[in-house]
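Fold and geometry: a report
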Amino acid sequence: MPGKLKVKIVAGRHLPVMDRASDLTDAFVEVKFGNTTFKTDVCLKSLNPQWNSEWFKFEVDDEDLQDEPLQITVLDHDTYSANDAIGKVYIDIDPLLYSEAATVISGWFPIYDTIHGIRGEINVVVKVDLFNDLNRFRQSSCGVKFFCTTSIPKCYRAVIIHGFVEELVVNEDPEYQWIDRIRTPRASNEARQRLISLMSGELQRKIGLKVLEMRGNAVVGYLQCFDLEGESGLVVRAIGTACTLDKLSSPAALPPACSSPSRETKEIPFNEDPNPNTHSSGPSTPLKNQTYSFSPSKSYSRQSSSSDTDLSLTPKTGMGSGSAGKEGGPFKALLRQQTQSALEQREFPFFTLTAFPPGFLVHVGGVVSARSVKLLDRIHNPDEPETRDAWWAEIRQEIKSHAKALGCHAVVGYSESTSICEEVCILSASGTAAVLNPRFLQDGTMEGCLEQRLEENLPAGCGFCHIPYDELNMPFPAHLTYCYNCRKQKVPDVLFTTIDLPVDAAVIGKGCLIQARLCRLKKKAQAEANATAISNLLPFMEYEVHTQLMNKLKLKGMNALFGLRIQITVGENMLMGLASATGVYLAALPTPGGIQIAGKTPNDGSYEQHISHMQKKINDTIAKNKELYEINPPEISEEIIGSPIPEPRQRSRLLRSQSESSDEVTELDLSHGKKDAFVLEIDDTDAMEDVHSLLTDVPPPSGFYSCNTEIMPGINNWTSEIQMFTSVRVIRLSSLNLTNQALNKNFNDLCENLLKSLYFKLRSMIPCCLCHVNFTVSLPEDELIQVTVTAVAITFDKNQALQTTKTHAEKSLQRASTDNEELLQFPLELCSESLPSHPFPPAKEHLESASANSGIPAAQRAVTVEKASPMGEGNFRNRSAPPCANSTVGVVKMTPLSFIPGAKITKYLGIINMFFIRETTSLREEGGVSGFLHAFIAEVFAMVRAHVAALGGNAVVSYIMKQCVFMENPNKNQAQCLINVSGDAVVFVRESELEVVSTQQPAASCQPSCTGGEVTT
């Protein structure tokens, strides 16, 4: 369907001085879309030009509207020489192509230049007229909505969740073309920016077409990534979950904005609308004609359905109803078979969602992951996507077979990532194997009784923990016990998942962030030899990261991990692994045993003493953690009536405290972990290091909690004060005598100090919780480690929290105050000077001395970028106010969460997906690495906010910085950084709108000490 794009250039302000003689600028604007360019008049000698141009009209295909960004270039007119570029604005037209989205984009956009950053602003109005055209062969996918959020968006309900969509496009990287040798850096960066925005537009359109083929109307959990492959090209790839969504029409149907976001969908009945959707999703129809008719009136007994035939229909891969308990065997088999057939028509039954509509998730099997090492210079024709498609297909196939081995037919919380160093590329994919309820996977015409029956079968709060695989042929040795909640089904002793905690899960105490960090040296090698070395190292790294996670989980006294994200990064001479997850204590799973140390070295007295001292320390830490996170599961008395746990001996062992189990050292059987205590064997210095590193993790100061999932388990009384921040830290290692241990220590200290500095800077928000803590580690060059963290701090209501925990709080406060003193010895002096708006030079020196104190070799330099406030200078605040002056919130809120505490999201305006490059040849003058990066991140925030405000939105949710690639050349005083961010632009309404408006204005300006990316409003 062809369309007409109309653009009007209104005015500019705060332009830079381009004429040294007059200290003014002769500015004009070029508006370009596709191959058509229009120019405005030159506005002579003004830094705040008023153009008020007529409407520039572009007549284009809707395909181009999706692929191309609108390019606006501001130039300085020179009579005798070439016109000088001031900067550019790229505007994505896609949000105007939805039916219920914004009709106009209008506002002040920062003018961005890849060398100088933001140089003033320009006021633009953009409109689109589409002519409807239902052509069967069209190549555009207008009207398909995209959401970054990994749960069903707030003001929609899911009718059908169709499944996995993926696409990948390849192009030559402009940086590596022959012409780049004669181009200016600015031209080269702009060619790259333009190419990437073109490619992401094309990618979105192609994915949209796939969704329309599946008869869906939206993509949820859309994740797009760039692979900068160097010589062999530039790849943009994306994955997502195709859904059919229905807008909730009446605002009354919207439940109140309760603190936990995913509860909202509870009250909305699924699929009970009078006219269920008429699109049938392909071959799933035979199900409806089969003879299973359950109507609520029939009594459902085992005889009424011939159980043999039902059971014989279930797949044979260990999915029999071995764990189905007494009742509902054939029923469960039937449910399985239906889900199976609903999923079998899909090539990959993957879902990128991490939170689900109630009743969608039946059982969780565990984490499945696959990695593969590839050589980029072996791609036959680099300009075609075939080879890379084949690589990913191979990995996805592996994940699918892992899930099958766990008795599951689907993978949820699925994600993919790459790590590239020169010609070696590691592809990784991971997710959580799960059994799903078929009612969302096809049309809503399934008989209703099936679901009711299912709900009776699954006890609330523990159903998802029950094992989906058959007990008799388990894919791996595991220790199963009966569920501590319903005592009917078997559960494992620990559970690892990549999804958010289900809303109805029964949790005891609070959760906490658990991180495993690991570095391994490798020899520098070329091509094949390098790839082989990496392949050989990978399984050991995976194993060690897993062991660390397991030990830290036991040390915290918890038994399940949610939101697990393991990234392995490859560098020239080392590999790094970083795993983050949120630990919780699930009531349904058995109490974790303690950790016990067993020595294998000569029995001299002092060594024994050392071991027992370590053991005591570990036991103390576990006790301390249980108190800190309020984990006090109810003791299960021996004589529970009708408890089906068979062997009393085994059960008593489960319930014994770890101190009693220390006399069992002699008969430890390590293969199956059947004993209460988790044993660490110390047979060499490495193992000793591991135990030490376990004990060095500092708990967060009192009043702070942290997690990497959307909502913190165990806290549900959020206030509406949120503060998002992004922080990047780069350290240079001294290349002298690096060993694995020294590396691990450096990396550990880097992450710990980063967390400490965050706690310190956010101390004014106590009691507060850091949610969605997203760590990314990369090795941009030899001996450089870069860690980026994005998170959001949310305060919660202490008074409500305190009523339950009075006694714990008093104890922990005394303890924490002493802890605080030790923790914050060095940041105190640092922050006294960092309160002015540009604190970088002093902060950098302090951090260097600080890192020297904390045991990192003083030779290396620690550079930080903290305080990524979008208002780098005071005038940013007034700049971003006018576009949304009519709305109540002055600053566009930004959060990585999919909701805003204390507010209702009323409208989704479209996806924001932006890519920026910044380069400098005067790194030292801009405040070094920290000054350069800080200014760049602040500018990115400002540009994202401006685009959202122009769409009429007042917040960005599910914000994520997907890439931050930093390269520097200290000898030449140069640096370059690429940043890719995305999120959903939304309109939200505060619950207490009227009271808030009066108190909001002063609050925005009195927050100088909060150094995040948000001015709290």
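Every value quoted in this text rests on a predicted model; they were computed, and no experiment measured them.

1. Here's the deal with the sheet that holds strand 31 (residues 955–969)
The mixed open sheet is built from four strands, whose spatial order is 29-31-32-30. Taken across any chain shown, the strands that pair with only one partner, and hence form the sheet edges, are strand 29 (893–894) and strand 30 (903–920). As judged from the 12 bridges shared by strand 31 and strand 32 (residues 974–990), these two strands associate in the antiparallel manner. Its bridge partner lying in strand 32, glutamate 968 is registered against alanine 975. Its contacts with the sheet place helix 17 (residues 928–950) against strand 29, strand 30, strand 31 and strand 32, and it is angled at close to 140 degrees to strand 30.

2. Here's the deal with a negative patch on the surface
Residues Glu172, Asp383, Glu384 and Glu386 make up a contiguous surface patch of negative charge. Mapped onto the elements, aspartate 383 comes out in the loop between strand 13 (361–375) and helix 6 (386–405).

3. Looking at the pairing of strand 19 (residues 507–521)
Most of strand 19 sits inside the fold, with 13 of its 15 residues counted as buried. Pairing between strand 19 and strand 21 (residues 574–586): 12 bridges, direction antiparallel. Residue leucine 521 lies in a different strand from strand 21, and its bridge partner there is methionine 574.

4. Looking at the nonpolar core
What tends to happen in soluble globular proteins is that the nonpolar side chains get buried as a cluster. Counting residues in each nonpolar core, the largest one holds 118 residues, and the members touching the most others are Leu5, Ile9, Leu70, Ile122 and Val126. Per-element accounting of this core gives the leading share, 13 residues, to helix 17. Leave out the neighbours within four places in its chain, and isoleucine 122 touches Ile9, Ala11, Gly12, Val29, Trp51, Ile72, Val74, Val89, Gly107, Trp108, Phe109 and Ile111. Ala218, Phe351, Val412 and Phe440 belong to the second-largest nonpolar core, a separate cluster that totals 47 residues.

5. Re the confidence of the model for the chain
Regions with low pLDDT carry predicted coordinates that are not meant to be interpreted in detail. In this model, the chain carries an average pLDDT of 74, and 70% of its residues clear a pLDDT of 70 or more. Taken together, the stretch residues 251–328 has pLDDT below 50 and engages in 124 contacts with residues farther than four places along the chain or on a different chain. Considering only residues more than four positions removed or in separate chains, one finds that residues 637–675, a stretch of pLDDT under 50, has 51 contacts.

6. Quick look at helix 12 (residues 740–761)
In this model, helix 12 (22 residues) spans 32 Å end to end at C-alpha, consistent with the 32 Å of a helix rising 1.5 Å per residue. Among the 22 residues that make up helix 12, 17 are buried, leaving the element largely enclosed by the rest of the structure.

7. A word on the pairing of strand 7 (residues 104–113)
Counted residue by residue, strand 7 has eight buried out of 10 residues, so it is predominantly covered. With nine bridges joining them, strand 7 and strand 8 (residues 117–130) adopt antiparallel strand pairing. In the sheet register, tyrosine 112 faces strand 8, and the bridge partner there is isoleucine 118. Two successive antiparallel strands, strand 7 and strand 8, enclose a turn made up of three residues.

8. Thoughts on empty space enclosed by the protein
If a probe the size of a water molecule is rolled over the atoms, the empty space left behind becomes visible. Following the criterion strictly, the structure yields 13 cavities of 30 Å³ or more and no others. By volume, the largest cavity is sized at about 540 Å³. The wall of the largest cavity is formed by 35 residues, among which Tyr90, Asp92, Ser197, Asn913 and Met914 lie closest to the centre. Residue assignment for the lining of the largest cavity shows that the elements contributing at least two residues are helix 1 (62–67), strand 6 (84–92), strand 7, helix 2 (185–213), strand 11 (218–228), strand 30 and helix 17. Grouping the amino acids of the lining of the largest cavity by side-chain chemistry returns 19 nonpolar, 10 polar and six charged. Each pocket or cavity is described by its volume, and for the second largest cavity that value is around 250 Å³. Breaking the lining of the second largest cavity down by element, the ones donating at least two residues are strand 19 and helix 12. Considering every element that reaches the lining of the second largest cavity, the biggest residue donor is strand 19, with five residues. Considering only residue class, the lining of the second largest cavity consists of 11 nonpolar, two polar and six charged.

9. A word on the packing of aromatic side chains
Evaluation of the coordinates by the stated rule reveals 23 aromatic pairs. On the numbers, 5.1 Å between centres and 50 degrees between planes, the contact of phenylalanine 226 with phenylalanine 915 is tilted. With phenylalanine 226 in strand 11 and phenylalanine 915 in strand 30, this residue pair connects regions lying 689 residues apart in the sequence. Of the two residues, phenylalanine 226 and phenylalanine 915, neither departs from the other in class, the shared state being buried.

10. What to know about helix 17
In a regular helix each residue adds 1.5 Å, so 23 residues correspond to 33 Å; helix 17 covers 33 Å between its end C-alpha atoms and thus fits that length. In terms of burial, helix 17 is largely enclosed, as 22 of its 23 residues are buried. Of the residues trailing helix 17, glycine 952 is marked for its positive phi of about 90 degrees.

11. Some words on the side chain of serine 958
With respect to the helices and strands, serine 958 occurs in strand 31. Contact partners of serine 958, with chain neighbours within four places excluded, come to Cys148, Thr149, Thr895, Pro896, Leu897, Ser898, Ser982, Gly983 and Asp984.

12. A closer look at the pattern of salt bridges
Tallied over the full model, the rule gives 26 salt bridges. For aspartate 67, the salt bridge is made with arginine 205, and the minimal N-O distance between the two is 2.8 Å. Remark: arginine 205 occurs in helix 2 and aspartate 67 occurs in helix 1; sequence separation between them is 138 residues. By relative accessible area, arginine 205 is classed as buried at 8%. A salt bridge links arginine 237 to aspartate 227; the shortest N-O distance between them is 2.9 Å. Of the two residues, arginine 237 sits in strand 12 (residues 234–247) while aspartate 227 sits in strand 11, which places them 10 residues apart along the sequence. Taken together, the shared-partner salt bridges in this structure form one network comprising Glu166, Glu167, Lys210, Arg396 and Glu416.

Each value, and the rule that gives it
Residues numbered from 1 in each chain as written. Predicted model: local features only at pLDDT ≥ 70, side-chain atom pairs only at ≥ 80, totals over all residues. Heavy atoms only, no water. Pairing = 2+ DSSP bridges. Helix = DSSP H or I, 4+ residues; strand = E, 2+ residues; numbered from the N terminus. Contact = heavy atoms within 4.5 Å. Axes fitted to C-alpha atoms, helices over the stretch in contact; angles between N-to-C directions. Patch = residues over 30% accessible without salt bridge, like charges linked within 9 Å, V, L, I, M, F, W, Y side chains within 5 Å. Areas by Shrake-Rupley, 256 points an atom, 1.4 Å probe, with all protein chains shown as cover. Salt bridge = Lys/Arg side-chain N within 4 Å of Asp/Glu carboxyl O. Lys, Arg positive; Asp, Glu negative; His and termini not counted. Charge placed at Lys NZ, Arg CZ, Asp CG, Glu CD. Buried < 20%, exposed > 50% of the residue type's maximum accessible area, 1.4 Å probe, protein only. Core = buried A, V, L, I, M, F, W, Y, C linked by side-chain atoms within 4.5 Å. pLDDT = per-residue confidence, 0-100. Expected span 1.5 Å × (residues − 1). 1 Å grid on protein atoms, 1.4 Å probe; cavity = no way out; pocket = protein on both sides within 12 Å on 5 of 7 lines; lining within 4 Å. Points joined across faces, edges and corners; volume = space filled by probe spheres on them. Nonpolar A, V, L, I, M, F, W, Y, C, P; charged D, E, K, R; others polar. Phe/Tyr/Trp six-rings, centres within 6.5 Å; stacked < 30°, edge-to-face > 60°.

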